[in-house]
Amino acid sequence: LHPPQNAMVKKVSYRDNPYFSQTTLPEEMQILKDQNEEEYLHVYEGELKQFVDGSIYRNQLKQARDEGRICWFPVESLEVHTFWDLGRNDLNAIWFMQAVGKELRFIDYYEHRLVDLDHYAHVLKEKGYLYGTHYLPHDVEVISLGSNNRSRRDILEGLGVHPITTVPRIASVEDGIAMVRDKFKSCWFHEENCEEGLEALANYQYQFDEKHDTYRKVPLHNAASNGADAFRMFAQAFEEDTYIQEL
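What counts, and where the lines are drawn
- Counting starts from 1 at the beginning of each chain's written sequence and moves along it residue by residue.
- Where totals are concerned, whole chains, interfaces and linings use all residues; where local detail is concerned, this predicted model gives features only for residues with pLDDT of at least 70, and gives and counts side-chain atom pairs only at 80 or more.
- Hydrogens and water are ignored here; the side-chain numbers use all heavy atoms of the structure.
- Salt bridges, as used here, are contacts in which a Lys or Arg side-chain nitrogen is within 4 Å of a carboxyl oxygen on Asp or Glu.
- The numbering of helices and of strands both runs from the N terminus, where a helix is a DSSP run of H or I of at least 4 residues and a strand a run of E of at least 2.
- Burial status follows relative accessibility: with a 1.4 Å probe on protein chains alone, a residue under 20% of its type maximum counts as buried, one over 50% as exposed, and anything between as partly exposed.
- By the convention used here, strands pair only if DSSP detects at least 2 bridges between them.
- Here, the arc refers to the directions that run from the helix axis to the C-beta atoms.
- The term polar contact refers here to a pair of N or O atoms within 3.5 Å; inside protein, the definition further demands a hydrogen-donor-capable atom paired with an acceptor-capable atom, and it admits residues adjacent in sequence only when both atoms are side-chain atoms.
- Nonpolar core, defined: a set of buried Ala, Val, Leu, Ile, Met, Phe, Trp, Tyr and Cys residues in which side-chain atoms within 4.5 Å join the residues together.
- We call two residues in contact when some of their heavy atoms are within 4.5 Å.
- Crossovers are described as right-handed under a simple rule: with the strands pointing away from the observer, the path leading from the first strand over the helix to the second runs clockwise.
- In this analysis, a patch consists of residues with relative accessible area above 30% that form no salt bridge, clustered at 9 Å for like charges and at 5 Å for the nonpolar side chains Val, Leu, Ile, Met, Phe, Trp and Tyr.
- Where accessible areas are quoted, they stem from the Shrake-Rupley method and a 1.4 Å probe; at the residue level, only the protein chains shown are allowed to cover.
- The positive count covers Lys and Arg only, the negative count covers Asp and Glu only, and His and the chain ends enter neither.
- Charge placement uses NZ in Lys and CZ in Arg. For Asp and Glu, CG and CD serve respectively.
- Inter-axis angles, ranging from 0 to 180 degrees, are taken between N-to-C directions of lines fitted to C-alpha atoms, where helices are fitted over the stretch in contact.

Engineer: What should I look at first to understand the pattern of salt bridges in this one?
Structural biologist: Two side chains bearing opposite charge may form a pair once their charged atoms approach each other closely. Scanning all chains against the criterion turns up 14 salt bridges. In this structure, the salt-bridge partner of Glu47 is Lys11, at a minimum N-O distance of 2.8 Å. With Glu47 in the loop between α2 (37-43) and α3 (58-66) and Lys11 in the segment before α1 (25-35), the pair connects residues that are 36 residues apart, well separated along the chain. Judged by relative accessible area, Glu47 falls into the partly exposed class, the value being 36%. Among the residues examined, Lys11 registers a relative accessible area of 52% and is labelled exposed.

Engineer: How should the pairing of strand β4 (residues 103-112) be read in this particular structure?
Structural biologist: In terms of burial, β4 is largely enclosed, as 8 of its 10 residues are buried. When strand β3 (residues 92-100) meets β4, the two strands line up antiparallel, connected through 9 bridges. Residue Asn92 lies in a different strand from β4, and its bridge partner there is His112. Connecting β3 to the antiparallel partner β4 that follows it, the hairpin turn spans 2 residues, and Gly101 within it adopts a positive phi of roughly 60°. In terms of strand pairing, β4 meets strand β7 (residues 187-190) through 3 bridges, oriented parallel. Its bridge partner lying in β7, Leu104 is registered against Cys187.

Engineer: It is not clear to me how helix α6 (residues 173-183) should be interpreted in this structure. Could you clarify?
Structural biologist: Because each turn of an α-helix spans 3.6 residues, side chains separated by three or four positions end up pointing in the same direction. Looking only at α6, the buried set comprises Gly176, Ile177, Val180 and Lys183. Mapping the buried residues of α6 onto a view down its axis gives an arc of 130°, with all of them on the same face. The N-cap of α6, judged by a side-chain oxygen 3.2 Å from the amide nitrogen of Glu174 a few residues on, is Ser172.

Engineer: Help me out: how do you make sense of the environment of Lys102 in this one?
Structural biologist: Tracing the backbone shows Lys102 in the loop between β3 and β4. Taking the C-alpha atoms as reference points, Lys102 and Phe189, separated by 87 residues in sequence, lie 14 Å from one another.

Engineer: Sorry if this is basic, but what is going on with the nonpolar core here?
Structural biologist: Among soluble globular proteins, nonpolar side chains are generally buried collectively. Counting 34 residues, the largest nonpolar core has Phe83, Trp95, Phe106, Phe189, Leu201, Phe231 and Phe234 as its most contacted members. Of all the elements in the fold, those that place two or more residues in this core are α3, β3, β4, α6, β7, α7 (195-203) and α8 (225-237). Top element by residues in this core is α8. It accounts for 6 residues. In this structure, Leu201 is in contact with Ser55, Tyr57, Leu61, Trp95, Phe184, Phe189, Ala228 and Phe231, ignoring residues within four places of it in sequence.

Engineer: Explain the pairing of strand β5 (residues 131-137) to me, please; I cannot follow it from the model alone.
Structural biologist: Across a regular strand the side chains alternate sides, sitting on one face of the sheet and then on the other. Most of β5 sits inside the fold, with 6 of its 7 residues counted as buried. Note that β5 and strand β6 (residues 164-167) share 4 bridges and pair parallel. When the sheet's bridge partners are listed, Pro137 is paired in β6 with Val167. What joins β5 to β6 is helix α5 (residues 152-158), and the crossover it makes is right-handed.

Engineer: Got a minute to help me understand a negative patch on the surface in this structure?
Structural biologist: A cluster of like negative charges, contributed by Glu192, Glu195, Glu196 and Glu199, occupies part of the molecular surface. Its place among the elements puts Glu195 in helix α7. Overall, Glu195 belongs to the partly exposed group, its relative accessible area being 32%.

Engineer: Can you walk me through the environment of Arg105 in this structure?
Structural biologist: Tracing the backbone through its elements, the reader meets Arg105 in strand β4. When the C-alpha atoms of Arg105 and Val75 are compared, they prove to be 8.9 Å apart, with 30 residues separating the residues in sequence. Among the polar contacts made by the side chain of Arg105, one reaches the side chain of Glu103 at a distance of 2.9 Å.

Engineer: Before we go on, may I ask you to explain the sheet that holds strand β1 (residues 70-71) in this structure?
Structural biologist: Two modes of strand pairing occur in sheets, parallel and antiparallel, and in both the strands are linked by backbone hydrogen bonds. If you trace the 7 strands from one edge of the open sheet to the other, you get β1-β7-β4-β3-β2-β5-β6, paired in mixed fashion. Looking at which strands have only one partner, the edges of the open sheet turn out to be β1 and β6. Pairing geometry for strand β2 (residues 80-85) and β3, over 5 bridges, is antiparallel. For Thr82, the partnering residue across the bridge sits in β3 and is Phe96. Contacts between helix α4 (residues 117-127) and the sheet are confined to β2, β3, β4 and β5, with β4 contributing the most and set at about 135° to the helix.

Just distances and angles here, no functional claims.
Now the structure itself:
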């Protein structure tokens, strides 16, 4: 999707295989086309596969792109709310969003790892947005080692990140996923600024159960999880009616 500048990219399909008609591939191709159109386009037509198998938000992202909600748009002079997933060894992920009328516009995304909280406070300051509320997961209340008995919330507030709303731990991640899917229809994404975040959402997937040859209703913990979990903070906690702003 985004090859390096020195890459040579060539699209190939089954038509480029000189031995195609001499094998069982034509029959296999037709079977796959009948069963899974997207997989057929990827395997035989050389189309880009934008979603991993078991992608949790595949339908929501596809609809958003089809409806033109993943695009370029200006950042307005309005409050920007942030939604976090905390990590150190894992990625720390932050979504930036403006509520404009009925549109929930995700204007930016940032992720990093192996740095202290002051790094993220500095990133927020450097971006120069007019901030509203910062939504962080329940573990922001955990006391950090070597922090003079201060929680990560205390540290962030001391660094100028406030007001902070702690999002309570949810009983079921699947309930949180359902909340994301429900709110997705109102979401817009800045195509350039949110590229890494959109990639995380596209690669957030269910665990595959090889024994039963099916996907379990349990998300796989991988590099995409942090961006997806940060986005879930938005779905669980943000109340649109409270923050609607008109241009």
